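# Report on the structure
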Amino acid sequence: MESAVASTAVELSDLNLEALAARIQDRSLPWDKRDAVLNALGERFASRAINLDAPEFAPSLKAVCHSLVAQLPDLRSQVVRSACTAISQVVAAVGDHPALGRLLQHALLPGLLQLAANGNGVLASAGRECLPTLMMHCHVPGALKVLSTSLRESRHVAVRHSCCVCLLHALPHAPILP
């Protein structure tokens, strides 16, 4: 069993970001293999082994973020927690990179807010714990619109609470309007 895990780790370390994203995009892959890919992906960003200035980084980041969001509705709590951890590690490593702005606004925030409204407490708490990390590391003006709209329109208490917490983290970095 240990040799299988070690060979999987070596195999994953040789793949580029788009190949890792393609592996987890397919939800028919067994959950333990998707979990290993999610962990490898998060570790790659956490170790800062990514060249953020490379021209191919923006498309790779888009593929990674969409693949991570695709894992959020999974019924296996381990996969969802690993996806949330990987999202946190990606955002912490990338920060205010221009490629992350639209992804945060149109994919990551809506996916995590939907997860925060999940009836399964373990899954919902994974989403609620990940949301403030996004706001601490990525300061995108469009995120304020998503959060304020969700705060105004959501009937779910956990979503409104998460929006308030995120706004508390985001507002100190918001541009001051005249």
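Residues numbered from 1 in each chain as written. Predicted model: local features only at pLDDT ≥ 70, side-chain atom pairs only at ≥ 80, totals over all residues. Heavy atoms only, no water.

## Digging into the overall build of the protein
The secondary structure content of the protein amounts to nine helices and zero strands. In the protein, the succession of helices and strands from N to C terminus is α-α-α-α-α-α-α-α-α. Look at the contacts in the protein between residues 6 or more apart in sequence, and 71% of them connect residues 24 or more apart. (Helix = DSSP H or I, 4+ residues; strand = E, 2+ residues; numbered from the N terminus. Contact = heavy atoms within 4.5 Å.)

## Some points on the nonpolar core
Core analysis: the biggest nonpolar cluster contains 55 residues, and Phe45, Leu61 and Leu134 have the highest contact counts within it. Only helix 2 (17-25), helix 3 (31-46), helix 4 (57-71), helix 5 (77-94), helix 6 (98-116), helix 7 (121-137), helix 8 (141-153) and helix 9 (157-170) provide two or more residues apiece to this core. If you tally residues by element for this core, the top one is helix 6, at eleven residues. Excluding its chain neighbours within four sequence positions, the residues that come into contact with Leu134 are Ile87, Val91, Leu104, Leu108, Leu109 and Leu112. (Core = buried A, V, L, I, M, F, W, Y, C linked by side-chain atoms within 4.5 Å. Buried < 20%, exposed > 50% of the residue type's maximum accessible area, 1.4 Å probe, protein only.)

## Section: the side chain of His97
For His97, the position within the fold is in the loop between helix 5 and helix 6. Assessed through its relative accessible area of 18%, His97 is described here as buried. Here Ala99 takes part through its backbone nitrogen, which lies 3.1 Å from a polar atom of the side chain of His97. (Polar contact = N/O pair within 3.5 Å; in protein donor to acceptor, adjacent residues only side chain to side chain.)

## Some thoughts on the pattern of salt bridges
A complete count under the given rule lists two salt bridges for this structure. In this structure, the salt-bridge partner of Asp74 is Arg34, at a minimum N-O distance of 2.7 Å. Here the residue Asp74 occupies a position in the loop between helix 4 and helix 5, and Arg34 occupies one in helix 3, the gap between them amounting to 40 residues. Arg34 shares its class with Asp74; the two are buried. The network of salt bridges with shared partners includes Arg27, Arg34 and Asp74. (Salt bridge = Lys/Arg side-chain N within 4 Å of Asp/Glu carboxyl O.)

## Points about the confidence of the model for the protein
Averaged over all residues, the pLDDT of the protein equals 86, while 90% of them reach at least 70. Mean pLDDT in the protein bottoms out at helix 1 (residues 2-13), which sits at 51, and peaks at helix 5, which reaches 94. Across residues 1-7, confidence stays below pLDDT 50; counting only partners more than four residues off in sequence or on other chains, it has zero contacts. (pLDDT = per-residue confidence, 0-100.)

## Remarks on the packing of helix 2 against helix 4
Remark: helix 2 packs on helix 4, axes separated minimally by 8 Å, with the N-to-C direction vectors making an angle of 20 degrees. Accordingly, the angle class assigned to the pair helix 2 and helix 4 is roughly parallel. In the crossing of helix 2 with helix 4, the sense of the turn from one axis to the other is left-handed. Of the residues in helix 4, those in contact with Leu17, Glu18, Ala21, Ala22, Ile24 and Gln25 of helix 2 are Phe57, Pro59, Ser60, Ala63, Val64, His66, Ser67, Leu68, Ala70 and Gln71. When the residues that make up the contact of helix 2 with helix 4 are grouped by side-chain class, the tally is ten nonpolar, five polar and one charged. (Axes fitted to C-alpha atoms, helices over the stretch in contact; angles between N-to-C directions. Parallel < 35°, antiparallel > 145°, perpendicular 65-115°, else oblique. Left-handed = near helix turned anticlockwise from the far one by under 90°. Nonpolar A, V, L, I, M, F, W, Y, C, P; charged D, E, K, R; others polar.)

## Description of the environment of Leu144
Inspection of the secondary structure puts Leu144 in helix 8. For the pair Leu144 and Cys163, spaced 19 residues apart in the sequence, the C-alpha separation amounts to 9.3 Å. Leave out the neighbours within four places in its chain, and Leu144 touches Leu167, Ala170, Leu171 and Ala174.

## Overview of helix 4
Compared with the 21 Å implied by 1.5 Å per residue over 15 residues, the 21 Å span of helix 4 between its first and last C-alpha is a close match. Of all the residues in helix 4, the buried ones are Phe57, Ser60, Leu61, Val64, Cys65, Ser67, Leu68, Val69, Ala70 and Gln71. Contact partners of the buried residues in helix 4: helix 2, helix 3, helix 5 and helix 6. (Expected span 1.5 Å × (residues − 1).)

## Here's the deal with the environment of Cys84
Tracing the chain through its elements places Cys84 in helix 5. Judged by its relative accessible area of 4%, Cys84 falls in the buried class. The spatial distance from the C-alpha of Cys84 to the C-alpha of Leu72 is 7.7 Å, given a sequence separation of twelve residues. Residues in contact with Cys84, not counting those within four places in the same chain, are Leu72, Leu112, Leu115, Ala126, Gly127 and Cys130.

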